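# Descriptive structure summary
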Amino acid sequence: MESITFNHTVPLQIRFNDIDSLGHLNNAVYFAFYDLGKTAYFETVKGESVDWKKADIVIANIHADFFAPVYFKDPVAVQTAVAEIGNKSMKVQQQIIDTRSREIKAACTTIMVGFDVNTFQAKEISDEWRLAIGRYEGRNLSRPTPPKK
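Figured I'd write up the structure that's included with this text. Computed from a prediction, not measured in an experiment: that's the story for all the values here.

### A few points about the environment of Gln13
- By secondary structure assignment, the location of Gln13 is in the loop between strand S1 (8–12) and helix H1 (27–46).
- When its relative accessible area of 66% is taken as the criterion, Gln13 is described as exposed.
- Separated by 60 residues in the primary sequence, Gln13 and Lys73 place their C-alpha atoms 9.3 Å from one another.
- In this structure, Gln13 is in contact with Asp18 and Phe33, ignoring residues within four places of it in sequence.

In structure tokens, the structure reads:
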């Protein structure tokens, strides 16, 4: 995963039924943790609850890497950041970390796209998202300029 600063961290609670027969966190649970991190991140960025039935961004692709097992008593958290925003998509970087050792246990890259809930078509990432994320991340994420012809 590329070097990125994570400004958003959510502590995670591992439940007994999250553990598989080998004693580690089941792979499917990581995705629930990533969803929890994204939801909290976007609500923090917006400064309010997001009505996901009207949300104008959706997941298009997820790539996950597993580096080390997570066990039942491990103190873990999910960290989330938006690495970049294009015209119609954004790249969300996440990692599950051990909060004591700071070891990265797993990492995830999610491509989210702008989405029109009325037409079910891709659309440009709204300026509202772009400005809110840029403000939160402390960097300019303004709309890319089209290449000159």
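### Some remarks on the packing of aromatic side chains
- A complete count under the given rule lists seven aromatic pairs for this structure.
- Considering the side-chain rings of Phe16 and Phe72, the 6.4 Å spacing of their centres and the 85° angle between planes classify their relative orientation as edge-to-face. With a gap of 56 residues between them, Phe16 in the loop between S1 and H1 and Phe72 in the loop between strand S2 (57–66) and strand S3 (76–85) connect regions that are remote in the sequence.
- Note on Phe16: relative accessible area 69%, which makes it exposed.
- Here Phe72 falls in the partly exposed class, since its relative accessible area comes to 34%.
- Where Tyr30 meets Phe66, the ring centres are 4.9 Å apart and the plane angle is 80°; that geometry is what we call edge-to-face. Remark: Phe66 occurs in strand S2 and Tyr30 occurs in helix H1; sequence separation between them is 36 residues.
- Residue classification places Tyr30 among the buried positions, given a relative accessible area of 3%.
- A residue is classified by how much of its surface remains accessible, and Phe66, at 38% relative accessible area, is partly exposed.

What counts and what doesn't
Residues numbered from 1 in each chain as written. Predicted model: local features only at pLDDT ≥ 70, side-chain atom pairs only at ≥ 80, totals over all residues. Heavy atoms only, no water. Helix = DSSP H or I, 4+ residues; strand = E, 2+ residues; numbered from the N terminus. Buried < 20%, exposed > 50% of the residue type's maximum accessible area, 1.4 Å probe, protein only. Contact = heavy atoms within 4.5 Å. Phe/Tyr/Trp six-rings, centres within 6.5 Å; stacked < 30°, edge-to-face > 60°.

Geometric values such as these leave the question of function open.
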